[in-house]
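# Tertiary structure, described
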Amino acid sequence: AGHAAPALLDAIAAAAAPRLRDFNPQDLANTAWAYATAGHAAPALLDAIAAAAAPRLRDFNPQALAITAWAYAAANVPSDALFDSPRFVELCHATAELFKSTDLRQLHQWLLWLDERNLAWPRLSPALAARCRESFGAEEGAPSGLQRCVAAVLRKGMGLLLREEVRTPLEYS
């Protein structure tokens, strides 16, 4: 909703954690995604989600796999329970043809995070990783409100010429 509500999110996390066994795989993935999207640190909840999700990964559809990976990367919460064994990567390969472009972009961000954190977990195959990178690079960047404000100050206030969007070799925009 674009409104910070840390007390509410903390209360939801506290209420949800003991009930995670009742969540279906999509609910688990969506809960992790929601906290990561809100930028609300909830490592205990994410650890509990990982513990509930790990034995049920085979029941996750491609979208749920991708948003779960993205959520842990975006929240910067490593989870050996989910990613240390080859099971997660094997499931990604088994459903690779079902991934939509959004899923591939999220998996690319997860791979970037693995490299950034130097995590020694199993990786996607080079072919699937390339599909993820290509999908990520194909999407045009969407400047944030903060980026637009900073650019306006640099242009008007300081008279600087700048390019707001630049693509890096890792496909960051």
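Coordinates for the structure precede this section.
This is a predicted model, so every value here is computed, not measured.

### Considering the side chain of Asp103
- Here Asp103 shows up in helix α7 (residues 101-117).
- Notably, Asp103 is buried but unbridged: the nearest opposite-charge side chain belongs to Lys100, and the N-O separation is 6.2 Å.
- Side-chain polar atoms of Asp103 contact the backbone nitrogen of Lys100, separated by 2.9 Å.

### Topic: the side chain of His40
- Here His40 is to be found in the loop between α2 (25-38) and α3 (43-53).
- Setting aside anything within four residues of it in sequence, one finds His40 in contact with Pro6, Leu9, Asp10 and Tyr35.

### Overview of the packing of aromatic side chains
- Following the criterion strictly, the structure yields six aromatic pairs and no others.
- Taken together, a centroid distance of 5.2 Å and an interplanar angle of 50° make the contact between Phe83 and Trp110 tilted. A residue pair is termed long-range when its members are at least 10 positions apart, and Phe83 in helix α5 (residues 80-83) and Trp110 in helix α7 qualify at 27 residues. Residues Phe83 and Trp110 agree in their burial class; the two are buried.

### Notes on the state of the cysteines
- Applying the stated rule across the entire model yields zero disulfides.
- For the unlinked cysteine Cys92, the closest cysteine sulfur is that of Cys132, found at 7.9 Å.
- Looking at Cys92, the relative accessible area reads 0%, which means it is buried.
- Exposure remark for Cys132: the relative accessible area of 0% places this residue in the buried category.

Definitions and cut-offs
- Residues numbered from 1 in each chain as written.
- Predicted model: local features only at pLDDT ≥ 70, side-chain atom pairs only at ≥ 80, totals over all residues.
- Heavy atoms only, no water.
- Helix = DSSP H or I, 4+ residues; strand = E, 2+ residues; numbered from the N terminus.
- Buried < 20%, exposed > 50% of the residue type's maximum accessible area, 1.4 Å probe, protein only.
- Lys, Arg positive; Asp, Glu negative; His and termini not counted.
- Salt bridge = Lys/Arg side-chain N within 4 Å of Asp/Glu carboxyl O.
- Polar contact = N/O pair within 3.5 Å; in protein donor to acceptor, adjacent residues only side chain to side chain.
- Contact = heavy atoms within 4.5 Å.
- Phe/Tyr/Trp six-rings, centres within 6.5 Å; stacked < 30°, edge-to-face > 60°.
- Disulfide = S-S within 2.5 Å.

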